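# Residue-level structure breakdown
The chain contents come next:
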Amino acid sequence: MRIFLDTAMPEEIRELADLIDGVTTNPSLVAKAGRPLREAVEEICRLVSGPVSVEVTATDAAGMVEEARELAGIADNVVIKIPMGREGIRAVKALEAEGIRTNVTLVFSPVQALWAAKAGASYVSPFVGRIDDRAGDGMGLVSQILQIYDNFGFDTEVIVASVRHVRHVVEAALLGAPIVTAPYAVVSKLFDHPLTTEGIERFLADWKRVPK
Ligand code: E4P
């Protein structure tokens, strides 16, 4: 399973760049980073060789395609995030036909994911955390999408997004989701366990008592 970092903060990406498999951003994350979009994307793409998702803000297909072409020109690893909807699906078809990879975002239902795959999207992003926030079943959605893609042999890859905690990562892995994108705070926790820390401390303390 590939692990992407869901952030536009260069300092967070720099810290984990050699370990993560890609990055996802969105307009809110770029706003949080407080830099012009192009400058932020250029830096992220210099730090990471895996896919870097960057979202368009146009709301009509023609505008999305125009914006996407410009963003895709920044670096070879840019993937264009397209919000789900009729206009978005039209844009995905056009962009994938010209070889620009897309990631259909803000997906909350299995049929939305079906449309994304039918349009030839490279990635689809179901937002599990936002569903769970409303007492829904985010991982249930992921499971349905994986089943549907398997039924029809779609190549679109599922990126489990809007991850809130480590348990989401565990559940995504158990379902066999190919990719999870998580914020820095969650990805950092994937390395740790209190018993590991305690064990290392004890081994190092004992090692000091070994005659040299
Ligand atoms: C995914 O690509 C999005 O950037 C992100 O996961 C959204 O997460 P949020 O629900 O925490 O905003």
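The coordinates are above.
Let me sum up the structure you'll find in this document. A quick note: this is a predicted structure, and the numbers were derived from the prediction, not measured. (Residues numbered from 1 in each chain as written. Predicted model: local features only at pLDDT ≥ 70, side-chain atom pairs only at ≥ 80, totals over all residues. Heavy atoms only, no water.)

### Structural notes on the overall build of the protein
Regarding its fold elements, the protein presents eleven helices and eight strands. Expressed along its principal axes, the backbone C-alpha trace of the protein runs to roughly 70 × 40 × 30 Å. Within the span of the protein, comprising 212 residues, buried residues form 48% of the whole. In the protein, the proportion of contacts linking residues at least 24 apart, taken out of those at least 6 apart, comes to 57%. Roughly 11100 Å² of accessible area belongs to the protein as shown, and the carbon and sulfur atoms make up 54% of that amount. (Helix = DSSP H or I, 4+ residues; strand = E, 2+ residues; numbered from the N terminus. Buried < 20%, exposed > 50% of the residue type's maximum accessible area, 1.4 Å probe, protein only. Contact = heavy atoms within 4.5 Å. Areas by Shrake-Rupley, 256 points an atom, 1.4 Å probe, with all protein chains shown as cover.)

### Details of the sheet that holds strand β7 (residues 157-160)
Sheet strands associate in pairs through backbone hydrogen bonding, adopting either a parallel or an antiparallel arrangement. Strands sit in the order β1-β2-β3-β4-β5-β6-β7-β8 around a closed barrel of eight strands; the barrel is parallel. Each strand axis lies, on average, 30° off the axis of its neighbour in the sheet, ignoring direction. Inspection of the sheet shows strand β6 (residues 123-126) paired to β7 by two bridges, in the parallel sense. Each bridged residue has a counterpart across the sheet, and for Tyr123 the counterpart in β7 is Glu157. Against the sheet, helix α5 (residues 86-97) touches β4 (78-83) and β5 (102-107), its axis set at about 155° to β4. (Pairing = 2+ DSSP bridges. Axes fitted to C-alpha atoms, helices over the stretch in contact; angles between N-to-C directions.)

### A few points about helix α6 (residues 110-118)
Three or more residues of α6 are buried, namely Ala113, Ala116 and Ala117. Axial view of α6: buried residues confined to an arc of 95°, hence all on one face. Every exposed residue of α6 that faces more than 90 degrees away from the buried side is listed here: Val111 and Lys118. Buried residues belonging to α6 abut α5, β5, β6 and α8 (138-152). One or two steps after α6, the chain reaches Gly120, where phi turns positive at roughly 90°. (Arc of directions from axis to C-beta.)

### A look at the packing of helix α4 (residues 61-72) against α5
For the pair α4 and α5, interaxial distance at closest approach is 8 Å and the crossing angle is 45°. As far as their axial angle goes, α5 and α4 are oblique. Here α4 and α5 pass one another in a crossing that is right-handed. Facing Ala61, Met64, Val65 and Ala68 of α4, the residues of α5 in contact are Glu87, Gly88, Arg90, Ala91, Ala94 and Leu95. Classifying every residue of the contact of α4 with α5 by side-chain character gives seven nonpolar, one polar and two charged. (Parallel < 35°, antiparallel > 145°, perpendicular 65-115°, else oblique. Left-handed = near helix turned anticlockwise from the far one by under 90°. Nonpolar A, V, L, I, M, F, W, Y, C, P; charged D, E, K, R; others polar.)

### Quick word on the site of the ligand
Asp6, Thr24, Asn26, Leu29, Lys81, Phe127, Arg130, Ala161, Ser162 and Arg164 make up every residue found near the ligand. Residue Lys81 places a side-chain N or O atom 2.5 Å away from an oxygen atom belonging to the ligand. Notes on the ligand: free accessible area 340 Å², of which the protein chains cover 85%. Along the lines of polarity and charge, the residues of the shell around the ligand split into three nonpolar, three polar and four charged. (Near = heavy atom within 4 Å. Polar contact = N/O pair within 3.5 Å; in protein donor to acceptor, adjacent residues only side chain to side chain.)

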